[in-house]
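Understanding the architecture of this molecule
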Amino acid sequence: MKKTLLFVIVLRALLCTSFAQTTLGTPAIKNYTHNEYNAGSEIWDIKQDKNGILYFANDEGLLTFDGSYWKIYPLPNKSAIKSVAIDQRGRVYVGGQDEVGYFFPNDAGILKYHSLKQLLPQKAKQFADIWDIVIHNDEVFFRTIECIFELKNNTIRTFDAPGGWMLLSQAGGRLFAHDKDIGLVTFKDSRWQACVQQPTTGLRITGITEFSKDTLLLTTRKNGLFIMEGTSLIKKATLTDGTLLTDLVNFVQKIGSDRYAIGTSAKGLIIIDGKGKLIEQFSNNQGLQNNNVHGILLDNNHNLWLGLENGLDFINYNTSVKNIYPNRENLVKSNAVSIFNNKLFIGTSNGLYAVPIGAQQKDISTATGTFTEIPNTKGQVLSLTQINGRLLAGHQDGVLQIDNNQAKLITPGPGAWMVKAFPASQDIIAGTYTGFQLLKYNNNGFSFEGRLDGIYESLGNLALDNRNFVWATHPYRGIFKVQLSQDRKKIVGYTQYTQKSGLPSALNNHVYFIKNKVIAATEKGVYEYNTTEGDFIRSACYKPIFNRDKVEFLTEDSKGNIWFISNQRVGVIDFGKRSANLPYKVIYFPELAGQTVRGSEYIYPHDMENIFVGSNNGVFHLNYRQYVSSENKLNVLLTTVKAIAEKDSLIFGGYFVKNNRLAQAQNTQQVVSLSNHWNSFHFEYTSTLFAQKSNEEFSYKLIGFDKDWSQWSVKTEKDYTNLPYGKYTFSVKARNNLGAASAPVNYTFIVEPAWYQTIWAYFLYLLIIVYVIYVGVKTQQKRFALHQQRHEEEQKRLSYLHSLELDRNDKEIIALKNEKLEAELTYKNKELATLTMQMVDRGKLLLNIKDELMALIKKLNIADASYQFRSVFKLLSDTEKSDDDWDNFALYFDQVHNNFLTTMKSKFPGLSSTDLKLCAYLRLNLSSKEIAQLLNISLKGVEISRYRVRKKLQLSTEINLYDFLIEVTK
C-alpha cells in the first residue's frame, strides 16, 4: 500500500514535467502499410505463436506474417476480425460478425478455418463483432457487446450483458470484464462477480495489467489510471488539460519488469516505469504512421508491434542500435561526438548540442534527458577533441573551446577541421581550410600562436606519428607529410604522396596513426607507409579484410579494436575474438549500412557499450557488448512448399502437426508422396527474428540431390526442377552477421517413379531382357548353325571349286597333252601326208619312168627291148611292190589314227593287205586317182577294190564308206 501511495505522489510530481524528457536513444521503427501486407488498413489485435509467426486481426480476415511473406485468411462470411488468441495447441481463435471459430493447419500444414458457430445456442447465433478473445484456464472466452461466449469441453455457454460488455481481459491469473451497468467483474465459480468495493459503472475501463505482486494497473478511457489492490481502487494522478492520460486511452500492457505501455487514440504509445516516469513516447514525431494505437504485442524477442488505425509498425525495442536525435525538430547531419564532464556532446551541421548523463550510466542511449544547444556554436561543427581536460570543437568559424555550456572562439579563422595534441607537449596543431595553425595550452586554456606558413591547402584529416611528423590529407591532392621546426612555429619541409608514391590515387585518401603505423585509407584498400623506401605499399595486414574495397574511415578504440567504414558499411576488427585461423574477427553491422555521412564518415568508440556513428539524421548509438551477446535465438521456418506442373499445387503450408498439436519437426508418418508428373518444386523459407532481417542469410541443401550446402544468401526461396524419382529432404538453416547459425529445418517428400520406373516395370523389363537374351541366344545359335552350315557349304563349294580347279587343271593338262598330241598328230599327219605324197610322187615317177622307157623303146624300135630292159622293169616293179614304204606308212598311220589298221584287221579279219591299204587311203580322204597311183592300179581297179571292201565290211549302199571308217576307231 505504501508503494502504491508513493507511486501516486511521485506520478503527480513528475508527470507534468516528465514528458519533456524521454530516453535519448530511439529504437528504429519499421512501417508496414496496407499496400505492403495487401489487406485492410486497420490492425486491431496482434498475437504470436511458438514458431514466431505473427497473427493480426484485420478487417479482411486473419493476416499472418512470417518475416518474409504475408498471407490473408478470410472468414467464410468475409466479416472483419477484431481480436485473435492462440492456445497451447496452436489453435488460432478468431471471430467476426455472426461467425466464431479457429484456424488450425491440416495434415499438409495448411491453415484451415474450423467454425464453432454450430455450438452456439440458436438465440445467440446472430451477433456483432467479437472485440476480445481471452484464453483462461483452458477455456476460451469471446466478447461481443451483447454477450460473452465461454468455450469449454467443446460446449459454448453464453453470458448476456446487462448493459453492454466493454472489456474482457486477463491479469494476475484472473479474468475480468467490464459492463456499463454493473461495472468491473471477475469470473469466479463459473459466474461473473463484483470484484471491487467502489462503484465502477461510470468508468470506461480499457485495460488491466499486472503492476506489482498483489496489485493491478487499470486504465480508463478518459479518467486516467487506477491501482487495484485487493478489492480497492485507488485513483492515479491525472495529467492536466492536453496531456496524455485524459486523451482516450485504449489499453495498458506490462512490457518489462518496470515498463508499462499505454496505447492512446491521439498521442501514440506511451511507456512509463513503475514510478510514473515517462520513459519513451512513440507517435508521428518519432516515426509512427498513426497515433491511434489499437493493439500491441511484445514479441518473443521483446520487440514491439503496434496495430494502428492505419497500418502496422514494428519498434525494434530490444535493440543494440538506436538513434539519438540532438534536435528532434530539425533532423540534421551529425558527425562529431564526445562524452565530456558527464555530458553527451553532439556536433551537427547547425550547432553543438549537449545533454547531461549520469556518471554511472552504462548504456547512454537508455538515459533520459533533453538536449540543449550550446550558445555561440551555430553553424557546422566539424570535430570534437578532448585535450588536457578541455573540450575543443573544430567549427566552420575556427577552433572553439567549450566550458560550462559556453563556447569561446580561440582562433581567428578560417574554419578548422580538427585539432591534434603533440605527445608530452603543450603544443596543439589545427588543420584548417587554408593550412595549419598552432595553439598552446596553459592553465587558463588555449591560446592562438599563429598560422604555419609553407602550405596553403585545406587539410581536413590529421595524424601525428611517433617521430612528431604531421600527416594530413587533401581530398584531391593526396597525403602530406610535414616536418616542423624545433619550436613547431615553422614548416621545415613537406613531402606530397600521390599515385607516384605507391598510392592508388591522389583522391579521397585518409591518413591515421594506428598500432604505431601510418595508415592510409584509400579508394582501393588500405596502404601503409614504408619507412625504408619512403613510400606507400599495400598493407598485408588489412588486405584479407578489405582487399581493394573503398575504405572511408578507420579508428582504434581503447581495447585495440579497429572500427571502420568501408563502402558505406560499418564494421569492427575485433581482436578479442578469433575467426578460423585469424587472430581477429571482422563483424559488420547491416543495420548501419548506407546510414553514414558520405564524405564525412565518423565513428566515436567511447567504450564497448557506447559506440557512436555519425549519420545524416542525428547519430546512431551501438551497444556493442549487448550486440555480440544477444540471446535472441536464431530460427528458420519453412513456410511454403509447392509442387509445380501445369499449375502450382501447395503441398505444405508451413506448419508441422503431430497429435493434433503444432510441432517443431515433420511427422515421419506424414511424408507426402507425389506422382512423377509433379517433379518440380518451389520452397519458401524465412526467419522470425524480425529485428535482424538485414543480418540474416540462408543456406539450403536438397538431401538426395545436392552434394553440399549452398552458399549463404539473403534469398528466401529456391526452385528445383525435373527431379528424378526418389526420396528427398529439403534442409535450410539461417545465420546472422555474428556467425551464429540456427539448427536446420527439414521437410521430406517423395517423388514416385513413373509407371515405367516401378518395381513391376523393372520386373517386366527383366523378363523382357531375359526373353531378349533367350531370343538372342537362340538367334545366335541359329545364326551360328546357319553360319556353320554356310561354312560347311562354303567349304564344300570351295572343295568343289577346288576339285573343279583340279579338273580344270587336269583338263588343261589333258588339253595341253591333247594339244601336244594333236600337234604330234598334226606333225605325224604331216609326215604321213608327206610320206604318202612321196609314195604318190614316187609312183608317179616310176610310172613316168616306165612310160618314158616304153615310149623310148617304141620310138627306137629296139628289138627285144622287153628282154633287154627286163631288169629295169623288174627293178621298177620291185620298187613299186616294195613293202618297206607300206610298213613305214602303216606304223605312222596307226600312231596317228588310234591303231586304225590294227583295229580294222581285228574287227574284219577278212580284209586283205590291199583292202587295208585301200581303207587307210580312204581314211586319209585321198582321191581315187591318188589311191590308184599308190596301189599301182587303174581307177576302175580302185572302184572295184572299193566295192570289194564294202562287201567285206557288209556295208549297205546308204552308208558312206568314209564315214564308217571314221567311226570305227572312235
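Quick note: structure is the one above.
Presented here is an overview of the structure given in this document. Since we're looking at a predicted model, the values are computed, not measured. (Residues numbered from 1 in each chain as written. Predicted model: local features only at pLDDT ≥ 70, side-chain atom pairs only at ≥ 80, totals over all residues. Heavy atoms only, no water.)

Details of the environment of Glu-457
Note that Glu-457 resides in the loop between β44 (445–452) and β45 (461–464). Note on Glu-457: relative accessible area 16%, which makes it buried. When the C-alpha positions of Glu-457 and Gly-478 are compared, they lie 11 Å apart, and in sequence the two are 21 residues distant. Setting aside residues no more than four positions away along its own chain, Glu-457 makes contact with Thr-432, Tyr-433, Thr-434, Gly-435, His-474, Arg-477 and Phe-480. (Helix = DSSP H or I, 4+ residues; strand = E, 2+ residues; numbered from the N terminus. Buried < 20%, exposed > 50% of the residue type's maximum accessible area, 1.4 Å probe, protein only. Contact = heavy atoms within 4.5 Å.)

Concerning the pattern of salt bridges
Following the criterion strictly, the structure yields 21 salt bridges and no others. We note a salt bridge from Lys-378 to Glu-373, for which the minimum N-O separation is 3.1 Å. For Glu-373, a relative accessible area of 32% corresponds to the partly exposed category. When the shortest N-O distance is used, the salt bridge between Lys-517 and Glu-528 registers 3.7 Å. Placement of the pair is Lys-517 in strand β50 (residues 517–522) and Glu-528 in strand β51 (residues 525–530), with a sequence separation of 11 residues. Here Glu-528 falls in the buried class, since its relative accessible area comes to 14%. One connected set of salt bridges, linked through shared partners, spans Asp-427, Lys-440 and Arg-488. (Salt bridge = Lys/Arg side-chain N within 4 Å of Asp/Glu carboxyl O.)

A few points about helix α11 (residues 928–935)
Buried within α11 we find Ile-931, Ala-932, Leu-934 and Leu-935. For α11, the buried positions fall inside an angular range of 165° around the axis, keeping them on one side. (Arc of directions from axis to C-beta.)

Topic: the nonpolar core
If you look at the biggest cluster of nonpolar residues, it comprises 48 residues, and the most contacted ones within it are Leu-344, Phe-546, Leu-554, Phe-589, Phe-612 and Tyr-624. Broken down by element, this core gets its largest block of residues, four residues, from strand β54 (residues 562–566). If we skip the residues at most four places from it in the chain, Leu-344 touches Leu-24, Ile-324, Val-337, Ser-338, Ile-339, Tyr-353, Ala-354, Val-355, Ile-357, Ile-364, Phe-371 and Phe-612. Counting residues in each nonpolar core, the second largest holds 27 residues, with Phe-889, Leu-918, Leu-934 and Leu-935 among its members. (Core = buried A, V, L, I, M, F, W, Y, C linked by side-chain atoms within 4.5 Å.)

A short note on a nonpolar patch on the surface
On the surface, Trp-760, Phe-763, Leu-764, Leu-766, Leu-767, Ile-768, Val-770, Tyr-771, Val-772 and Tyr-774 cluster together to form a nonpolar patch covering roughly 1,100 Å² of accessible area. Relative to the helices and strands, Val-770 is located in helix α5 (residues 759–860). For Val-770, a relative accessible area of 46% puts it in the partly exposed group. (Patch = residues over 30% accessible without salt bridge, like charges linked within 9 Å, V, L, I, M, F, W, Y side chains within 5 Å. Areas by Shrake-Rupley, 256 points an atom, 1.4 Å probe, with all protein chains shown as cover.)

Considerations on the sheet that holds strand β68 (residues 726–735)
In a beta sheet, neighbouring strands pair by backbone hydrogen bonds and run either parallel or antiparallel. Sheet architecture is open: four strands sit in the order β64-β69-β68-β66, paired in mixed fashion. Strands at the two margins of the open sheet, each flanked by one partner only, are β64 (672–674) and β66 (697–703). Strand-to-strand twist in this sheet, taken as the mean axis angle between neighbours without regard to direction, amounts to 25°. Pairing geometry for β66 and β68, over seven bridges, is antiparallel. Residue Lys-701 lies in a different strand from β68, and its bridge partner there is Ser-731. (Pairing = 2+ DSSP bridges. Axes fitted to C-alpha atoms, helices over the stretch in contact; angles between N-to-C directions.)

Regarding unusual backbone geometry
The linkage connecting Gly-413 with the following residue, Pro-414, adopts the cis geometry, with an omega of 0°. When you line up the elements, Pro-414 lands in the loop between β40 (406–409) and β41 (416–421). One non-glycine residue with positive phi stands out, namely Asn-153, at about 55°. Relative to the elements of secondary structure, Asn-153 occurs in the loop between β14 (147–152) and β15 (155–160). What makes Asn-153 exposed here is its relative accessible area of 70%. Phi at Lys-515 takes a positive value of approximately 50°, unusual for a residue other than glycine. Relative to the elements of secondary structure, Lys-515 occurs in the loop between β49 (510–514) and β50.

Focus on helix α13 (residues 961–968)
All buried positions along α13 are accounted for by Leu-961, Leu-965, Ile-966 and Val-968. For α13, the arc enclosing every buried residue in end-on projection is 160°, short of the 170-degree limit, so these residues lie on one face. Here the buried face of α13 lies against α9 (900–907), α10 (913–923) and α12 (939–953). The backbone nitrogen of Asp-963 has a side-chain oxygen 3.1 Å away, supplied by the residue at the start of α13, namely Asn-960. (Polar contact = N/O pair within 3.5 Å; in protein donor to acceptor, adjacent residues only side chain to side chain.)

Topic: the sheet that holds strand β25 (residues 259–264)
As summarised here, the arrangement of the four strands in space is β24-β25-β26-β27, forming an open sheet in which the pairing is antiparallel. Since the sheet does not close on itself, it has two edges, and those belong to β24 (249–256) and β27 (278–282), each with one partner. Taking each pair of neighbouring strands and ignoring which way they run, the sheet shows an average axis angle of 20°. The sheet contact formed by strand β26 (residues 269–272) and β27 spans four bridges and is antiparallel. Following the sheet pairing, Ile-272 is matched in β27 by Leu-278.

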